[in-house]
Amino acid sequence: MSLAYLSFSSHANLPFHVMHHGLANREKVLKRTDQRYSNDVSNISMIDAELEPSKGRNKSRKHAPCEIDFLPSVDDLVEPVHYNNFTQLYLSYILKEEVLPGNGIFEPLFGGHQSLQEREQTFHAQNQTLHCGFIRGPEDYPSTGFDLDENDRRYMATCRVAVSSCIFGSSDYLRRPTKSMVIFFSCVHELVSTRGIATNFNSTICHTFSQIGSYSKKNVCFVMFMDKLTQATLSSEGKIPDENGFIGLWRIVVVKKLPYKDMRRAGKVPKFLAHRLFPSAMYSIWLDSKLRLHSDPMLIIEYFLWRKKAEYAISMHYDRLCVWDEVRQNKRLNKYNHSAIDEQFHFYQSDGLVKFNVSGQQPVLPSYVPEGSFIVRAHTPMSNLFSCLWFNEVNRFTSRDQLSFTYTYLKLRRMNPGNPFHLNMFKDCERRAIAKLFHHRTNATADPPAAATLLLDKARLSIQG
């Protein structure tokens with residue numbers, strides 16, 4: 001077994017503009033934002049107003065964007081002094097698996113061959129070596145996939161802040177981030193009682209000024225991963241990278257040999273494993289290829305992470321709160337093999353997953369179903385650990401990551417009461433305010449995971465939470 005050891009320490013401040021404006025300007029900005037930042041590191045996701053059941057909401061209002069109080073410009077950014085006060089631990093990743101004696105036919109897999117016992121141990125927030133994709137077989141075995149050109153690897157290694165997306169199987173159009181835009185939209189302000197029940201609605205006109213400024217265009221990496229089929233399709237449509245490999249702000253990175261036949265599952269590699277792909281990055285933003293970004297990445301980081309004292313931010317689903325409902329919806333729309341969904345769901349229930357509104361228990365998140373198309377991350381140890389754990393669930397079970405999100409979060413939280421993971425689950429209307437949603441070009445097909453991966457045995461049922 002070959003290991004790569006990575007040391008994660010507290011974040012150093014990024015070279016934001018405010019660092020160059022002198023002490024007087026820094027104090028001025030801090031004074032103006034003193035109400036936004038707090039040393040309180042309690043779970044910021046639990047806000048009564050956000051726990052309002054979705055069934056009673058007006059659908060047209062529910063799916064509309066809402067106002068976001070961004071800072072006026074990147075010039076005003078100040079990384080909070082106590083922001084890096086998160087759980088510290090050291091992670092290393094398995095890079096290679098050898099053939100074990102008496103193992104019969106061995107097939108190297110991108111996600112490796114993680115046993116249930118190994119899986120259980122990885123949920124402990126401690127110094128450890130764990131499976132987290134990019135695992136190779138012995139020297140004489142073929143690549144497990146997601147192979148990148150060395151020039152692309154070198155470029156990605158220089159990124160301190162990364163915005164990434166992917167198109168596999170020519171399933172989407174290339175949507176360039178909007179450089180400058182002023183958005184005006186109708187938004188709804190809800191007056192909420194102390195119990196989180198909306199008592200009055202007042203419609204008004206709100207506005208959000210959004211611009212991808214020169215600082216982000218120069219210092220943030222925008223990387224679009226795609227396979228050769230997508231590259232060929234875009235080329236036939238006249239979208240060809242320039243001599244430096246860019247189409248607009250996107251640096252085009254072609255992935256050779258996708259690790260999965262299921263295009264959705266292959267897309268989880270860049271979605272969850274940004275800390276592996278961008279080893280020097282301190283922050284990353286993921287957006288699905290169905291979204292077009294029209295807000296500055298640095299202002300997004302300030303708003304969703306720094307201001308909320310969070311190390312991971314993801315939007316709640318626009319309609320569903322409970323995983324039980326998500327399971328029914330996936331089966332109703334035939335999103336995946338029903339037996340595979342059932343086996344995954346039964347396993348999660350046997351390991352402690354409960355309904356969102358189970359009697360006598362207060363939910364620890366405003367929703368147990370994420371929307372999932374937009375993720376903002378600080379590459380902290382707990383954020384990286386959670387990303388590995390979530391990826392391993394998608395690798396082991398179905399590619400429907402909304403089914404495994406809450407299970408992974410709750411299990412990590414339950415097993416580490418003294419090592420909090422600060423997750424900001426924000427309203428879906430905020431996601432709609434910073435990125436425009438489009439339809440996919442096509443619907444990618446999905447292959448069910450190997451039967452051996454999905455077998456439920458007594459060992460699974462006896463897992464200790």
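Everything below is about the structure shown above.
A quick note: this is a predicted structure, and the numbers were derived from the prediction, not measured.

Caption draft 1: Broad picture of the overall build of the protein chain. Within the protein chain, the regular secondary structure consists of 16 helices and 15 strands. For the protein chain, buried positions account for 54% of its 465 residues. Accessible surface computed for the protein chain: about 20,800 Å², of which carbon and sulfur atoms make up 51%.

Caption draft 2: Examining the pairing of strand E9 (residues 250-254) more closely. The element E9 is extensively covered by neighbouring structure, given that five of its five residues are classed as buried. Burial of E9 is two-sided: the residues Trp250, Ile252 and Val254 facing one way and the residues Arg251 and Val253 facing the other way are all buried. As defined by bridge partners, strand E8 (residues 246-247) adjoins E9 across two bridges and the pair is classed as antiparallel. The residue bridging phenylalanine 246 from the neighbouring strand is arginine 251, located in E9. Linking E8 back to E9 in an antiparallel pair, the connection comprises two residues, with glycine 248 at a positive phi of about 65°.

Caption draft 3: Up close: helix H4 (residues 150-157). When we look at burial in H4, the residues that qualify are Asp152, Tyr155 and Met156. End-on, the buried residues of H4 take up no more than an arc of 95°, which puts them together on one face. Considering only its buried residues, H4 is in contact with strand E7 (221-226), E8, E9 and helix H8 (274-277). The opening residue of H4, the one whose side-chain oxygen lies 2.8 Å from the backbone nitrogen of asparagine 151, is aspartate 149.

Caption draft 4: Fine view of the side chain of arginine 396. In this fold, arginine 396 is placed in helix H12 (residues 381-396). Despite being buried, arginine 396 has no salt bridge partner; glutamate 393 is the closest side chain of opposite charge, sitting 5.2 Å away. Engagement of the side chain of arginine 396 in a polar contact is seen with the backbone oxygen of glutamine 114, the distance being 2.6 Å.

Caption draft 5: Layout of the sheet that holds strand E12 (residues 312-316). The sheet built from eight strands is open, its strands ordered E8-E9-E7-E4-E10-E13-E12-E14 with mixed pairing. At either margin of the open sheet sits one strand with a lone partner, and together these are E8 and strand E14 (423-426). Summarising the sheet, E12 and E14 pair through four bridges and their orientation is parallel. Across the sheet, residue isoleucine 314 finds its bridge partner in E14, namely methionine 425. The strands that helix H6 (residues 228-236) touches are strand E4 (161-167), E7 and E9; relative to E7, the one it contacts most, it runs at about 105°.

Caption draft 6: Representation of helix H9 (residues 297-306) in the model. In terms of burial, H9 is a largely internal element, ten of the ten residues being buried. The set of residues buried in H9 consists of Pro297, Met298, Leu299, Ile300, Ile301, Glu302, Tyr303, Phe304, Leu305 and Trp306. For H9, the N-terminal cap is aspartate 296; the gap from its side-chain oxygen to the backbone nitrogen of methionine 298 is 2.9 Å.

Caption draft 7: Local environment of the packing of aromatic side chains. Across all of its chains, the model carries 33 aromatic pairs by this definition. Ring centres of phenylalanine 70 and tyrosine 303 lie 5.8 Å apart, and the angle between their planes is 70°; on these two criteria the pair is classed as edge-to-face. Taken together, the residues span a long stretch of sequence, with phenylalanine 70 in the loop between helix H2 (59-62) and strand E2 (91-96) and tyrosine 303 in helix H9 at a distance of 233 residues. Taken as a pair, phenylalanine 70 and tyrosine 303 share a single burial class, namely buried. With a centroid separation of 6.4 Å and 85° between ring planes, the pair formed by phenylalanine 146 and phenylalanine 168 is classed as edge-to-face. Taken as a pair, phenylalanine 146 in the loop between strand E3 (128-130) and H4 and phenylalanine 168 in the loop between E4 and strand E5 (180-192) lie far apart in primary sequence, 22 residues in all. You'll find phenylalanine 146 and phenylalanine 168 in the same group, each marked buried. Ring pairs connect the aromatic residues Phe110, Phe134, Phe146, Phe168, Phe225, Tyr260, Phe278 and Phe391, which therefore count as one cluster.

Caption draft 8: Representation of the side chain of threonine 233. Inspection of the secondary structure assignment puts threonine 233 in helix H6. Setting aside its immediate chain neighbours within four residues, threonine 233 contacts Ser170 and Arg441.

Caption draft 9: Representation of the pattern of salt bridges in the model. A full pass over the atoms with the stated rule returns 22 salt bridges. Across the pair arginine 441 and glutamate 237 runs a salt bridge, and its minimum N-O distance is 2.8 Å. In this pair, arginine 441 is assigned in the loop between strand E15 (435-437) and helix H15 (451-454) and glutamate 237 in the loop between H6 and E8, connecting sequence segments 204 residues apart. For glutamate 237, a relative accessible area of 34% gives the class partly exposed. Notably, a salt bridge pairs arginine 414 with aspartate 351, separated by 3.9 Å at the nearest N-O pair. Of this pair, arginine 414 sits in helix H13 (residues 405-415) while aspartate 351 sits in the loop between helix H11 (338-350) and strand E13 (370-378), and the two are 63 residues apart along the sequence.

Caption draft 10: Spotlight on the packing of helix H7 (residues 263-272) against H12. Two elements in contact, H7 and H12, have axes separated by 10 Å at closest approach and are oriented at 175°. The pairing of H7 with H12 is recorded here as roughly antiparallel in orientation. Two secondary-structure elements touch here, H7 through Arg265, Lys268, Val269 and Phe272 and H12 through Ser387, Trp390, Phe391, Val394 and Asn395. Among the residues making up the contact of H7 with H12, the classes are represented as five nonpolar, two polar and two charged.

Quick notes on the rules
- Residues numbered from 1 in each chain as written.
- Predicted model: local features only at pLDDT ≥ 70, side-chain atom pairs only at ≥ 80, totals over all residues.
- Heavy atoms only, no water.
- Helix = DSSP H or I, 4+ residues; strand = E, 2+ residues; numbered from the N terminus.
- Buried < 20%, exposed > 50% of the residue type's maximum accessible area, 1.4 Å probe, protein only.
- Areas by Shrake-Rupley, 256 points an atom, 1.4 Å probe, with all protein chains shown as cover.
- Pairing = 2+ DSSP bridges.
- Arc of directions from axis to C-beta.
- Contact = heavy atoms within 4.5 Å.
- Polar contact = N/O pair within 3.5 Å; in protein donor to acceptor, adjacent residues only side chain to side chain.
- Lys, Arg positive; Asp, Glu negative; His and termini not counted.
- Salt bridge = Lys/Arg side-chain N within 4 Å of Asp/Glu carboxyl O.
- Axes fitted to C-alpha atoms, helices over the stretch in contact; angles between N-to-C directions.
- Phe/Tyr/Trp six-rings, centres within 6.5 Å; stacked < 30°, edge-to-face > 60°.
- Parallel < 35°, antiparallel > 145°, perpendicular 65-115°, else oblique.
- Nonpolar A, V, L, I, M, F, W, Y, C, P; charged D, E, K, R; others polar.

Geometric values such as these leave the question of function open.
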